[in-house]
Amino acid sequence: MNIHKYEKAWLVAAMVLIVGFIATITYGAVGPGIAMIDDDAGSIDPNEISDHERFGETGVEHLGGNEYEVDVVAQAWSYSPSEIEVPAGSEVTFYVTSRDVTHSFTVVGTNVNTMVVPGQISEMTVKFDEPGEYGILCNEYCGQGHHTMEGLLTVVPEDEFDLTELSTDAPREVEAGNETTINATVNNGMQDGLETTATLEIGEQQYERDVTIDGEGSAELTFDVDTDALGAGEHDWTLTVDDHEESGTLSVVSETDGGDTNE
Amino acid sequence: MEVTRMSSTASRTYLDQFPAEAKVIKAAFWSSFMALAIGGLLGLVQALHRTDVLRFIDSADYYTVLTAHGILLAITFTIFFLVGIFTWAVTTSLDRGVVDIRFTWAWYIMMVVGTILVGVSILGGVVDAIPMYADVLFTFYAPLQAHPAFYVGLVLFVVGSWLAGADWFRTWWAWRKENPDERIPLPTFMALTTTLFWYLCTLGVALSILVFLLPWSLGIVDSVNPLLTRTLFWYFGHAVVYFWLMPAYMMWYIMLPKLSGGKLFSDPLARVVFVLFLLLSTPVGIHHQYLDPGIAEGYKFIAMTNTMFLLLPSLLTAFTVVASMEHGARQRGGTGYLGWLKALPWRDPVFTGMALAGLMFAAAGFSGMINAGMNINYLVHNSWWVVGHFHLTVGTAVALTFMAAAYWFIPQVTGKELWSRQLALGQVLVWFVGMTFMSNAMHRAGLFGMPRRTAEPQYQGFNFDPAVGTVGEINAQVALGAVLLTVALAMFLLNMVLTSFNDDSDSLPANTYAGTLSGPEDSPAVLDNLKLWTAIAVVLVIVGYTLPLASIVESGGLFGPDIGGFQLAIETDPALVLESVREVMP
Amino acid sequence: MASATEQRETDQVREIGHEEYDPVGTAILIGIYFLILVLLWLFMYFVEFLGNGPTVVGALLTVVGLA
């Protein structure tokens, strides 16, 4: 072979370029620790998603410390859940699978991006250092409504984040003079214990309870309401635990005009 | 471009030499142009729709348009032109006709029938009278399911191209009997090596369609493994881009030096380049699946290494082709370190079109290097960046080279003079400018997360946040670029149509290609040992694909876990569609 | 050698053979291309990619951290 010396030099330069590219990618894997989506999370039967230990209930789960798991099911043309909230400073592992065709789970403006292939589970671990709000979109064609498939990922400041769920059980109507109670259940989804205060405001009255819940536990709260003090009429009430609020209205009716009271 | 020949026999056009073959080639070129005309026009519809400049179709129909655009341009336009050029290359360089012209017509007709089947099934997406559905894009990822006619059409088209390859091989074998001791002429060598890797890579998509997708669409089997058919698609899906590209490379190697007034710098290196493409085109497909679950990182890394080494033949080509052009320029009186560039025949549309196509391919080379990078795919995968990339490669390096080549080829196969060289020169320039606007804007949009393959990249809950510029400015560039490209397309088609109405001309240049500075005698004979290179290519494919495929089959099953077909239309509740499909495929 | 290869161009003012031809202009152009590739690659990888917010990392780091 008769190769010109300039072309030989270019051949060497081209090899340097190629090796340099591979070296850069390898640096990305070893230095900043970027890992590829792989086969670690295994396969899944799309017909069994609802009974699957991971995807039966989707959403954010606390694993302990700053580690969270987010389970997402993609389907035409939405994500379940469509809104995800995680704290800043967390390390979040996403598990995503598809109920129907191929989708993607792509967090806009970040390097969080995976194909979601039916039959497979995509697993990716991401560190969220700073609070922020990111769109989620599907970048693989998945039918005529493909362009409407989106979600939202919010990274909230660490001290504003919890996995507390509040639900209440209260009567709509009560006769004046009778004792009544407003009941609440507080669920703590975090692995860590929760110490906080529950406040019930009704009319001019205010009741407070200290609440202590173990990790992954729940507490039942009972507020005895003094209907005499409230007097007859409509009374709006609000039950607050940290940032969570439940509210309702309690009607106190006097015995004399209470023909329709039937409690 | 006045070309004269010293040899007395060859002041003849291709039509004079091979009138029967010229007819098939002309038919193939016109099939290609028709696909280009329809596909290109649909591209304008998409560009205006996506950017919200002009929306006159329903967003749900956008995907029918996109499927047609992808298939017509990426498959039909490119491959019809390829079979024309390769038939020209083999017969011209061997100086003999095909063995049996009826066989040549047979594969051409088979490809046409395949195209029509695919086209009609796609049209079913917007025409109610056609009870077919094929809104599956050109990747047809299961479990999106097309009408069986779509898959059958694809198979016919591919088998037609296989027979075309067989035709070239038969012609070469016949020539070899007559010329036992000669080296394979370079154009034939290029056509044969390209055909070999085409056979190798299309096995994957043939397997995917014939064993899995077609029986599944016919209801013979109930389920597919989507990751398996997807992997088989990409086994074919990257090599196909080299299949489109090789005729353009052939033009750059054997026409550009001649048009520049020089000779090919190195025939041996050209052979090395095509051998490298034969070896490496196929075991790289997994680089389209860097972000797929179910494939281990190690396999992705191997695919990346192969892909990066596949840069080598392209980088070598850049040098050889530019050096050949420089040789021509200097023979034409060009001087200086870079002053010779002025001596190139820039007024020749065939030269300028190919040179600009090559320049854009240099830019495409860069975005391709990014695409090849494994972890950087988190940034660019399935974003508009990728669309910008392949509008530089198939949309310019290939398409513009083909259009420029047509300005030379159509006179050669029709015996008619090109209607207007000025219009042709303007056309290649307008295409270049249009693509500069469109492609650069697409690349930038991809970097802030704008997705590809979507009718309305405008979302309810969030906005894109470009670091530089605005979304509106990017959309404007894409729309402007698309309009310019459509204008260029119209200029091209007008010139082609009016050329075919021209009178026969007897002042056409002879059917020749470039000579060489360093000829095949400078290269070892082993380069022409096609059996050896094919064997090594097969081994590389086995090494690259056995383990990933085995692990995909092991985890998901050969036919997957009861995954039926989906045809997700917006009018119906997807949940209902899901149920009805499950009923059809229990 | 096939008979169809081009022998001569009318615009040609001189004949340059293989031995006397050094593609110096090509070497310059390809050198510039090389530099552009290297600089753009570094920009794309280290600024556009690594600067693009949260990235998928391996669980490997945690394992190492606990060990």
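This is a predicted model, so every value here is computed, not measured. (Residues numbered from 1 in each chain as written. Chains lettered and ligands numbered in written order. Predicted model: local features only at pLDDT ≥ 70, side-chain atom pairs only at ≥ 80, totals over all residues. Heavy atoms only, no water.)

Caption draft 1: Structural context of the overall build of chain B. Along chain B, the regular secondary structure elements total 19 helices and zero strands. Overall size of chain B, expressed as C-alpha extent along the three principal axes, is 75 × 50 × 45 Å. Relative to its full complement of 586 residues, chain B shows a buried share of 67%. Pairs at least 24 residues apart make up 83% of the contacts formed inside chain B by residues separated by at least 6 positions. Across chain B, the mean location of the 28 positive side-chain charges is 10 Å away from that of the 36 negative side-chain charges. (Helix = DSSP H or I, 4+ residues; strand = E, 2+ residues; numbered from the N terminus. Buried < 20%, exposed > 50% of the residue type's maximum accessible area, 1.4 Å probe, protein only. Contact = heavy atoms within 4.5 Å. Lys, Arg positive; Asp, Glu negative; His and termini not counted. Charge placed at Lys NZ, Arg CZ, Asp CG, Glu CD.)

Caption draft 2: Region of interest: the pairing of strand 7 (residues 112-116) of chain A. All names here are of chain A. Along strand 7, five of the five residues are buried, which leaves the element largely enclosed by surrounding structure. Residues of strand 7 alternate between two faces, with Val 112, Thr 114 and Val 116 on one and Asn 113 and Met 115 on the opposite face, all of them buried. Here five bridges tie strand 6 (residues 103-107) to strand 7, and the two strands are oriented antiparallel to one another. Across the sheet, Val 107 pairs through a bridge with Val 112, a residue of strand 7. (Pairing = 2+ DSSP bridges.)

Caption draft 3: Highlighting the interface of chain B and chain A. Between chain B and chain A, the residue contacts involve 76 residues of the former and 65 residues of the latter. Both faces considered, chain B and chain A share a buried interface measuring about 6,100 Å² in area, 66% of it formed by carbon and sulfur atoms. The tally of links from chain B across to chain A stands at one salt bridge. For Arg 453 of chain B, the salt bridge identified is with Glu 140 of chain A, shortest N-O distance 2.8 Å. (Buried area = accessible area lost by both parts, 1.4 Å probe. Salt bridge = Lys/Arg side-chain N within 4 Å of Asp/Glu carboxyl O.)

Caption draft 4: Summary view of the UniProt feature "transmembrane region" (unreviewed entry) in chain A. Here the UniProt-annotated "transmembrane region" (unreviewed entry) positions come out as residues 9-30 of chain A. Structurally, residues 9-30 of chain A is divided into 100% helix and 0% strand, and its ends, taken at the C-alpha atoms, are 31 Å apart. (UniProt positions renumbered as here; feature names shortened; annotations may be inferred.)

Caption draft 5: Up close: the nonpolar core. Grouped together as the largest cluster of nonpolar side chains are 275 residues, with contacts concentrated most on Phe 94 and Phe 105 of chain A together with Trp 88, Phe 150 and Trp 252 of chain B. If you count residues domain by domain, this core takes at least three from each of domain 1 (1-34) and domain 2 (46-160) of chain A. Setting aside anything within four residues of it in sequence, one finds Trp 88 of chain B in contact with Tyr 14, Ile 25, Ser 93, Met 251, Ile 254, Met 255, Trp 408, Phe 409, Asn 511 and Tyr 513 of chain B. Membership of the second largest hydrophobic core comes to 22 residues, among which are Leu 194, Val 211, Val 241 and Leu 250 of chain A. (Core = buried A, V, L, I, M, F, W, Y, C linked by side-chain atoms within 4.5 Å. Domains from an automatic or database assignment.)

Caption draft 6: Examining the domain arrangement of chain A more closely. The assigned domain composition of chain A is domain 1 (1-34), domain 2 (46-160) and domain 3 (164-253). Each of domain 1 of chain A and domain 3 of chain A has a C-alpha centre, and the two are 67 Å apart.

Caption draft 7: Structural view of the packing of helix 1 (residues 5-30) of chain A against helix 12 (residues 311-331) of chain B. Where helix 1 of chain A contacts helix 12 of chain B, the axes come no closer than 10 Å and their chain directions differ by 145 degrees. As helix 1 of chain A packs across helix 12 of chain B, the resulting crossing turns out to be right-handed. Packed against helix 1 of chain A, whose contacting residues are Tyr 6, Glu 7, Trp 10, Leu 11, Ala 14, Met 15, Leu 17, Ile 18 and Phe 21 of chain A, the element helix 12 of chain B presents Leu 311, Leu 312, Leu 315, Leu 316, Phe 319 and Thr 320 of chain B at the interface. (Axes fitted to C-alpha atoms, helices over the stretch in contact; angles between N-to-C directions. Left-handed = near helix turned anticlockwise from the far one by under 90°.)

Caption draft 8: Expanded view of the pattern of salt bridges. Residue and element names in this part refer to chain B. Overall, the coordinates contain 14 salt bridges over all chains when judged by the stated rule. Across the salt bridge formed by Arg 330 and Glu 326, the nearest N and O atoms sit 2.8 Å from each other. Placement of the pair is Arg 330 and Glu 326 together in helix 12, with a separation of four residues, close to one helical turn. Overall, Arg 330 belongs to the buried group, its relative accessible area being 11%. A single salt-bridge network, built from bridges that share partners, covers Arg 183, Asp 267, Arg 271 and Asp 528.

Caption draft 9: Up close: the pairing of strand 14 (residues 194-202) of chain A. Residue and element names in this part refer to chain A. Where strand 14 and strand 15 (residues 205-213) come together, nine bridges link them in antiparallel fashion. Within strand 15, the residue paired with Thr 197 across the bridge is Asp 210. Hairpin connection from strand 14 to strand 15: two residues lie between these consecutive antiparallel strands, with Gly 203 at a positive phi of about 55 degrees. As paired elements, strand 14 and strand 17 (residues 233-241) share five bridges and run antiparallel to each other. Bridging from a neighbouring strand, Leu 200 pairs with Leu 239 of strand 17.

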